[in-house]
Every structure is written in structure tokens, then in C-alpha cells.
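A structural walkthrough
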Amino acid sequence: MLTLSMGLRQSLGIFMQPLTHDIGISVSDFTLAIAVQNLAWGFLQPLAGALTVRFGFRPIMVLGAAAYIAGLVLMATAHGLLSVMIGGGLLIGISLACTAAAIAMSVAARAVPETVRSTVLGLVSGAGSLGALLSAPIGQMLNAGYGWRVGLAGFVVLAIAMIPAAWFAGRVDAVPLPKPSRDDIGDSSAGAAVRLAFGNASFVVMTCAYFVCGMQLVFLTTHLPSYLAICGMDPMLSAQTLGMIGGFNVLGSIFFGWAGQRWSKLALLGGIYILRSLALAWYFTLPPTPATTLLFGAIMGFLWMGVGPLVAGAVAEMFGLKWQAMIQGLAFMSHQVGSFLGAFGGGLLYDSLGSYTMAWRIGVALGLAGGIVQVAFALIRPTAPPMLKTA
């Protein structure tokens, strides 16, 4: 479920140039739809997490998979901005809140013991990019050979497989929660859990730095294909680079999941943001070539979704499992505000200035600042021992 949900979404940038030219909308219009997708995903994620406590994971995930299919159908049949906005923006955003990382990792955390939780979360996070290895090349081949509408129709066929995957993953509803400890918040209300989360300084700093993550990643997935086209690169290079990101993300996610079992999750998060920013600065200051682009994709892929198991593991340690999906969703709202600015802001700057130079410079500066603050806070004020004994 997560593989398809994330892989298809990461590959939508392939269709930006032909779609905008064909139906007569601007690049910033398309990126506004992607920005709406990210905002809907972010702001509905806590609600989806809270609903899993009341109704279980299975109905939320299956409805989310159906919304994904509907959104792709609307995009594939679009003749104007409204269909792209509702399909690619709102419906896919709703679906991601129900099928993407926060829900998938909450399912995985429920299903395994605490002693291997971080490593397993790394494996799950890595699975989120396997879909890009499949969907990006398929989408590009269909787009080049038959047009963008056929390419998106191919994505619809792939998305149908999310429904049985979500149904099967919903078996976790039968797995009981760990026996609550004396100070567990599991029996508290959603409002009490929210107040506890935002009263925790480590959670607040992590949430603020998470903004940088969303801004950098969605800027790349949305605008890298366009940037390479402007530079005269082979259109297949963008699909190959997105596939490279997906492949190396598997390795990075597993590594950071393993590392989070052994070292400070919050310090590792800050290190990822710093290294990403340095990679962005290196790539965009040089003229792109196929070799440097693929190397850049490999570096960014390794650092891509390693944040997922670290954030999910930190939330589970600090607050327990019952409200994990909701509290993780609260942090994710910040990530998605950054995603909105990365997608839409990058499009606005490109339309206004005719290049992506200012956009990547802002991304590098904010990334370095967020990463340094995150590392410094983690080292100066280490996270207290977990409040909840969930093992």
C-alpha cells in the first residue's frame, strides 16, 4: 500500500510539462495543485490518525485507496485547472493522509515488539520508495509513447492494487495494544494527547525542523523533471533520477532505522537535513550532466525517507502507540506546510524569475538552519527517557 501510495505521488512531476501545455495551464497552476495535495495530506493526517483509534485502520486505509484511484482518474481526464486541482490536489491529498507513511508506520509499530521497532520502521519507510522504481519508468514510457493521459491511466491501474493491500494490512486491528503502564496516555482523550505533545520541547523542535524536510523533497519531486528539461537533458533522465532516488531510499531508510535503534533519533534527523542541503548546493551550482544528476539522485535517495523511521520511532518512544498516528500527523502538518512552499513557491519563483536559482538557494539556507538547530538541541538537551513503557 505504502509503496504504491508514495511511488505514484513522487512520479507525478513527469507529467507536468505535457499536461500544462496540453490543457493550457501554467507551471505554477500545476504546482498549486501539488501544493493543495500536500496541505490536504498534512492537515488531514492527524484526523485520519484519530479516526483509526475509533474505527480501526482497515476502513480508513481502504477508503484512502479508493480516493487515490478517483483522483488519478480525474487528472487523466482533465481539461482544465479544476479537475487537476480536485483530482491531483484534494483527492490524492486525502488518500495520502489515509495510506502513506504515518498510517503505515503506525500499523508496523503495532505489529512488532519494541526491541526491533526502529529497524522495522526503516524497512517500511524503504518500501515507500520502491513504487518510484516501478511507476516513474512506466509513467515516462507511456507518456513518451502515447501521451500523458495514457501515462496517468497506467497509474490508475497500478493504484487499484492498493485496495487489497490496504484490506490485508487492516488485519493489524486484531493485534492488541501493549498493556498500558501507570503513566500511559492511551486512555486519555485526543485533546489531552495533543496538549501533551505540544508541551514536549523535543517534539516541538522536531516538528519545526520537519518543515525543512517537506520543502526540500517536494521541490525536487515537482520541479526536477522541469529543471532537467530546461537544461536540455533527455526526458528519460528525470525518470531514471526519480528511480535512483527510490532505490537508494530503500538503503537509506533501512540504515537510519537501524541507526535510530542505537543513537539519538533527533540528532540523526538534523544530520540528514544538513547533508541534504549540502548535496543540493553542490548539484545546483554545477551544470547538470547525466552522471552528476544520477549521483545526486543516489545521494538524495539515501537521505530521502530516512526521516520516517526516526520521527515515527521518536513519537512512539515519547507518547506510546495508541495515539501515535495522530501525534505523528501533528508533526507532519509542519512537513506539509514546507511541502506547500516547496511546490508552489518553487513554481512562483520560476514563473517570476525564469530560473530555479533563487528557489534552491532558499532551500539550502533553510535546510542548513533547521538541521543545525535540530542537532544542537538534541545534543544540548537530550530526549528524556520514554514516558511510556510500551514493550
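Residues numbered from 1 in each chain as written. Predicted model: local features only at pLDDT ≥ 70, side-chain atom pairs only at ≥ 80, totals over all residues. Heavy atoms only, no water.

Counting its regular elements, the protein contains 17 helices and 0 strands. Against the compact-globule benchmark of 21 Å for 391 residues, the protein has a radius of gyration of 20 Å, which places it among compact chains. Its C-alpha atoms put the protein at 60 × 40 × 30 Å along the principal axes. Classification of the 391 residues of the protein by burial places 57% in the buried group. A sequence separation of at least 24 residues applies to 86% of the contacts in the protein between residues at least 6 apart. As displayed, the protein has an accessible area near 14500 Å², and 73% of this comes from carbon and sulfur atoms. Of the charged side chains in the protein, 17 are positive and 10 negative; the average position of the first set lies 9 Å away from that of the second. (Helix = DSSP H or I, 4+ residues; strand = E, 2+ residues; numbered from the N terminus. Rg over C-alpha atoms; globule rule 2.2 N^0.38 Å. Buried < 20%, exposed > 50% of the residue type's maximum accessible area, 1.4 Å probe, protein only. Contact = heavy atoms within 4.5 Å. Areas by Shrake-Rupley, 256 points an atom, 1.4 Å probe, with all protein chains shown as cover. Lys, Arg positive; Asp, Glu negative; His and termini not counted. Charge placed at Lys NZ, Arg CZ, Asp CG, Glu CD.)

Compared with an ideal rise of 1.5 Å per residue, which puts 20 residues at 28 Å, helix α4 (residues 57-76) spans 29 Å between its outermost C-alpha atoms and is within 8% of the ideal. Among the residues making up α4, those that are buried are F57, I60, M61, G64, A65, A67, Y68, I69, G71, L72, M75 and A76. (Expected span 1.5 Å × (residues − 1).)

At a closest axis distance of 10 Å, the pairing of helix α3 (residues 27-55) and α4 adopts a crossing angle of 165°. As judged from the angle between their axes, α3 and α4 are roughly antiparallel. With respect to the hand of their crossing, α3 and α4 are arranged in right-handed fashion. Across the interface between the two elements, F30, A48, L51, T52 and F55 from α3 touch F57, P59, I60 and M75 from α4. Residues belonging to the contact of α3 with α4 are distributed by class as follows: 8 nonpolar, 1 polar and no charged. (Axes fitted to C-alpha atoms, helices over the stretch in contact; angles between N-to-C directions. Parallel < 35°, antiparallel > 145°, perpendicular 65-115°, else oblique. Left-handed = near helix turned anticlockwise from the far one by under 90°. Nonpolar A, V, L, I, M, F, W, Y, C, P; charged D, E, K, R; others polar.)

Throughout the structure, instances matching the rule amount to 12 aromatic pairs. For the ring pair W41 and F332, a centre distance of 4.7 Å and an interplane angle of 55° mean the geometry is tilted. Of this pair, W41 sits in helix α3 while F332 sits in helix α16 (residues 324-353), placing them 291 residues apart in sequence. No difference in accessibility class separates W41 from F332, as the two residues are buried. Aromatic pair W258 and W263: ring centres 5.5 Å apart, planes at 80°, arrangement edge-to-face. (Phe/Tyr/Trp six-rings, centres within 6.5 Å; stacked < 30°, edge-to-face > 60°.)

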